[in-house]
Amino acid sequence: MEEEKVYSSDGILAHLEMLERRAQQVAMEEGEAQRQEEKLERLKARVQELRLQRDELRAKVDLQQKQQLGQEGAVLEVEPPSARAVLDWKMKSVKAMLELFYLTGISGKLTKRGVCFCISTAYEGTYLDSYYLDLLIKAQVQIHRHSIPAFIPLEKMAKKYLQTDIRRFLCVLSDHLNAYVGRRYQADQLQEHFSDQIEGTIQRNSLCNLLVFNYNVSSKSQTVPFKVRLVYGDLCCSLPTEVIVASTPDAPASLTQTAAAHSDLFRRVALHKAFRSFCHAESMDGAP
C-alpha cells in the first residue's frame, strides 16, 4: 500500500510539473505575440504620423502653387505647360514620394527613364517578400516591368490610379500585396504547426482568398471533426469576411455552439493563433 501511495504521489507531481511547463510555454508564446503586436502598432502609428505630415506638405505646396499662378495670371496670360514641363513636374513628384514613403514598406530609386519601386511585405512583424515595379516616367506613365504576381489586379489598379495619382496607386498595390502574403503566411503556419489536427492539406487558390480544410478537436476524450470554409471578400484584408464551420449533421447542440465559437474566432484572429487557442482549451479540458 505504501508503495502504491508513493507511486500515485509521484505521478501527480509529474503531471503537475508537466502542466506547469505547458502553462509557462503558453505564457511565453503569448508574451512574444503581444510584443510583436505592440511593435506593429508602433510602426502603424509612425506610418500614420508620416502620412499626416505628407498630406499637410501637399496641401501647403498646392496652396503656394495656386497663389503663384494667381499672381502671374494678374499680369500674364497663363500658357499651357509644355510636355517637358509636365515631365519635370512628374519627376519632382516622384522624388518627393521617395522621401515620404520612408518606413511605409515602399522604397525606390531613380533610373535613367523613371523610377524603380520596391514594395516590402510583412505580417505581424515577420518580413515576408519583396516585389519590384519599374515605371517609365513619360507624358503617360508606363509600367516597364515588374515582379507582381499575375493574380494581383495590377492592370485594374494602374488604369484607375497610375496616371492621376501614383502615390495612391502604390498604396493600394501595397495593401493588396500585404494582405495576400498575410493570408498565405497564415495558411502555411497552420499547415506546418498543426498538421496533426488538419486532415490532409489545406485547399486554397492562388490568391489565398478561399481556404477549405477539415480539422479535428479533442474534447473530453472525444475527437470531434469540423469542416471550415473561409472566404476573403476584401482583397486588402488578411481576415475572412465569410466563415462557415460545420460538424456532422447529427452533431449535438454543444458541438453546434463550439462551431459557432470557432467561426467567431476565425473572423477575429489569424488562423494559427486560433488553433493555438484550441490547443490551449484542449489542455485545460484534459487537466484533472
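From a predicted model like this one, the values you see are computed outputs, not experimental measurements. (Residues numbered from 1 in each chain as written. Predicted model: local features only at pLDDT ≥ 70, side-chain atom pairs only at ≥ 80, totals over all residues. Heavy atoms only, no water.)

**Remarks on the sheet that holds strand 1 (residues 106–110)**
For step 1, the next point in the chain: Pairing is antiparallel across the open sheet formed by 4 strands, whose spatial order is 1-2-3-4. Of all strands in the sheet, those bounded by a partner on one side alone are strand 1 and strand 4 (142–146). Strand-to-strand twist across the sheet, computed as the mean angle between neighbouring axes with direction ignored, equals 25°.
For step 2, the next point in the chain: Alignment of strand 1 against strand 2 (residues 114–123), held across 5 bridges, turns out to be antiparallel. Bridge pairing links Leu110 to Val115 in strand 2. (Pairing = 2+ DSSP bridges. Helix = DSSP H or I, 4+ residues; strand = E, 2+ residues; numbered from the N terminus. Axes fitted to C-alpha atoms, helices over the stretch in contact; angles between N-to-C directions.)

**Considerations on the sheet that holds strand 8 (residues 242–246)**
For step 1, the next point in the chain: Strand order in the open sheet formed by 4 strands is 5-6-7-8, with antiparallel pairing between adjacent strands. Where the open sheet ends on each side, the last strands, each with one partner, are strand 5 (198–204) and strand 8. Across this sheet, the average inter-strand angle for adjacent strands is 20°, counted without regard to direction.
For step 2, the next point in the chain: Note: strand 5 against strand 6 (residues 210–218), 4 bridges, orientation antiparallel.

**Some points on the nonpolar core**
For step 1, the next point in the chain: Leu135, Ile152, Phe169 and Leu173 are the most contacted members of the largest nonpolar core, which totals 30 residues.
For step 2, the next point in the chain: Looking at this core, the elements with two or more residues in it are strand 2, strand 3 (126–136), helix 3 (154–162) and helix 4 (166–193).
For step 3, the next point in the chain: Counting residues per element, this core draws most heavily on helix 4, at 9 residues.
For step 4, the next point in the chain: Contact partners of Phe169, with chain neighbours within four places excluded, come to Leu133, Ile143, Leu154, Met157, Ala158, Tyr161 and Leu162.
For step 5, the next point in the chain: By size, the runner-up hydrophobic cluster in this structure holds 24 residues, among which are Val217, Val228, Leu230 and Ala259. (Core = buried A, V, L, I, M, F, W, Y, C linked by side-chain atoms within 4.5 Å. Buried < 20%, exposed > 50% of the residue type's maximum accessible area, 1.4 Å probe, protein only. Contact = heavy atoms within 4.5 Å.)

**What to know about helix 3**
For step 1, the next point in the chain: Within the span of helix 3, buried status applies to Leu154, Met157, Ala158, Tyr161 and Leu162. Seen end-on, helix 3 carries its buried residues on one side only, within an arc spanning 100°. What points out from helix 3, more than 90 degrees from its buried face, is the exposed set Glu155, Lys156, Lys159 and Lys160. (Arc of directions from axis to C-beta.)

**A short note on the pattern of salt bridges**
For step 1, the next point in the chain: Tallying each qualifying case throughout the model produces 6 salt bridges.
For step 2, the next point in the chain: Where Arg184 meets Asp129, a salt bridge forms, and the shortest distance between an N and an O atom there is 2.5 Å. Taken together, the positions of Arg184 in helix 4 and Asp129 in strand 3 put the pair 55 residues apart, joining distant regions of the chain. (Salt bridge = Lys/Arg side-chain N within 4 Å of Asp/Glu carboxyl O.)

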